[in-house]
Amino acid sequence: MRSDESAAQPIERLKWEHARILAEVGALAVAAGDEKAASVDLSSRVAGVLKFLERHQEAEERFLLPLVPQLDGGLFRIIYEEHLSFLYLSDMLLAADESEDHELLSEYLARFKKELEAHFAREEGAVFKNSAAILSPAQKDILRINFASRKGKEI
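What you are looking at is a predicted structure, and each value in this text was computed from that prediction instead of being measured.

Undergrad: Outline the overall build of the protein chain, supporting the account with residue identities and numerical values.
TA: Counting secondary structure elements, the protein chain contains 7 helices and 0 strands. Here the C-alpha radius of gyration of the protein chain, 16 Å, is about what a compact globule of 155 residues would show, namely 15 Å. Residue pairs in contact within the protein chain that sit at least 24 positions apart in sequence constitute 78% of those at least 6 positions apart. Total accessible area computed for the protein chain in this model is approximately 8,400 Å², and 54% of it derives from carbon and sulfur atoms. Here the protein chain carries 20 positive and 28 negative side-chain charges, and the mean point of each set is 7 Å from the other.

Listed below in structure tokens is the structure:
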């Protein structure tokens, strides 16, 4: 996806980020479980994907969810709580990585991926799918502008 396309279509960009995060976490789980691959610098890759996830979650919380309060009905509390849970799990991943226990890191990454899959499915099914239909043209413009201003490293 070209950067101008991602800025123009924020909900599609969020979906793309979900797929990218899941692919990278899955690849990291495999790499951590393979002693030869584990010799590659996993630390920077793990830290990079976690930073990217944090930036992704911030975009959802700051830019999208405030524009679609009618979709809430208690769902947003669950999403926010899961985001906080991912921050906690991120700390566990970083600690496992620092311990150089690659088997433990691989297990944590596999668990992390499963939890992300469930979370992303909830967001895509309940929020993203419905957001595009209820956002006004002005809100879509606000969303595009906000996404265009995002800074951070890609994974």
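Undergrad: Help me get a handle on the packing of helix H2 (residues 10-33) against helix H6 (residues 102-134), residues and values and all.
TA: In a pair of packed helices, the angle between the axes and the distance between the axes together describe the arrangement. Orientation of H2 relative to H6, taken along the N-to-C sense of each, is 165°, at an axis distance of 8 Å. By the criterion of interaxial angle, the relationship of H2 to H6 is roughly antiparallel. Considering how the two elements wind past one another, H2 and H6 form a crossing that is left-handed. Looking at the contact of H2 with H6 residue by residue, the class counts come to 16 nonpolar, 6 polar and 5 charged.

Undergrad: Let's hear about H6: which residues, and what values?
TA: Counted at 1.5 Å a residue, the expected span for H6 with its 33 residues is 48 Å, and the 45 Å between its end C-alpha atoms agrees. Listed in full, the buried residues belonging to H6 are Leu105, Ser106, Leu109, Phe112, Leu116, His119, Phe120, Glu123, Val127, Phe128 and Ser131. Contacts from the buried residues of H6 go to H2, helix H4 (42-64) and helix H5 (75-99).

Undergrad: Give me the lowdown on the packing of H4 against H5, citing residues and values where you can.
TA: Interhelical geometry of H4 versus H5 gives an angle of 170° and a closest axis separation of 11 Å. Classed by the angle they form, the pair H4 and H5 counts as roughly antiparallel. Counted together, Leu42, Ser43, Val46, Ala47, Leu50, Leu53, Gln57, Glu60 and Glu61 of H4 and Tyr80, His83, Phe86, Ser90, Leu93, Leu94 and Asp97 of H5 form the full contact between these two elements. By residue class, the composition of the contact of H4 with H5 is 9 nonpolar, 4 polar and 3 charged.

Undergrad: Explain the pattern of salt bridges to me, using residue names and the numbers behind them.
TA: The tally for this structure, following the rule as stated, stands at 14 salt bridges. A salt bridge links glutamate 154 to arginine 13; the nearest nitrogen and oxygen atoms lie 2.7 Å apart. Of this pair, glutamate 154 sits in the segment after helix H7 (137-148) while arginine 13 is found in helix H2, placing the two residues 141 residues apart along the sequence. You can call arginine 13 buried: its relative accessible area is 8%. With its nearest N and O atoms 3.8 Å apart, the salt bridge here joins lysine 51 to glutamate 54.

Undergrad: Lay out the side chain of glutamate 82 in plain terms, naming residues and giving numbers.
TA: Tracing the backbone shows glutamate 82 in helix H5. When its relative accessible area of 19% is taken as the criterion, glutamate 82 is described as buried. Within the structure, the side chain of glutamate 82 is placed 2.4 Å from the side chain of arginine 122, a separation counted as a polar contact. If sequence neighbours within four positions are ignored, glutamate 82 has contacts with His119 and Arg122.

How each quantity is defined
Every chain is numbered on its own, with residues counted from 1 as its sequence reads. Predicted model: local features are reported for residues with pLDDT of at least 70 only, side-chain atom pairs are reported and counted for 80 or more only, and whole-chain, interface and lining totals are derived from all residues. Based on all heavy atoms of the structure, the side-chain values leave hydrogens and waters out of the count. Here a helix means four or more residues in a row that DSSP labels H or I, a strand means two or more in a row labelled E, and each is numbered from the N terminus. Two things to know: the radius of gyration comes from C-alpha atoms, and the globule rule equals 2.2 Å times the number of residues to the power 0.38. It only takes one pair of heavy atoms within 4.5 Å for two residues to be counted as in contact. Areas reported here follow the Shrake-Rupley algorithm with a probe of radius 1.4 Å; residue values treat only the protein chains shown as occluding. Positive charges come from Lys and Arg alone, negative charges from Asp and Glu alone, with His and the N- and C-terminal ends not counted. Charged groups are reduced to one reference atom each: NZ for lysine, CZ for arginine, CG for aspartic acid, CD for glutamic acid. Where helices are involved, their axes are fitted lines through C-alpha atoms of the stretch in contact, as for all axes, and angles between N-to-C directions lie from 0 to 180°. An angle below 35 degrees is treated as roughly parallel, one above 145 as roughly antiparallel, one from 65 to 115 as roughly perpendicular, and anything else as oblique. Crossings are sorted by hand: turned counterclockwise from the far helix by less than a right angle, the near helix makes the crossing left-handed, and turned clockwise it makes it right-handed. Each residue gets one label: Ala, Val, Leu, Ile, Met, Phe, Trp, Tyr, Cys and Pro are nonpolar, Asp, Glu, Lys and Arg are charged, and the others, such as Gly, are polar. A helix is expected to reach a length of 1.5 Å times the quantity of its residues less one. For every residue, the accessible area (1.4 Å probe, protein chains only) is compared with the maximum for its type, and the residue is labelled buried under 20%, exposed over 50%, or partly exposed between those bounds. What counts as a salt bridge is simple: a side-chain nitrogen of Lys or Arg found within 4 Å of a carboxyl oxygen of Asp or Glu. Whenever a nitrogen or oxygen atom comes within 3.5 Å of another N or O atom, the pair is scored as a polar contact, on the condition that within protein one atom can donate a hydrogen and the other can accept it, and that pairs from neighbouring residues in sequence are kept only if both atoms are in side chains.

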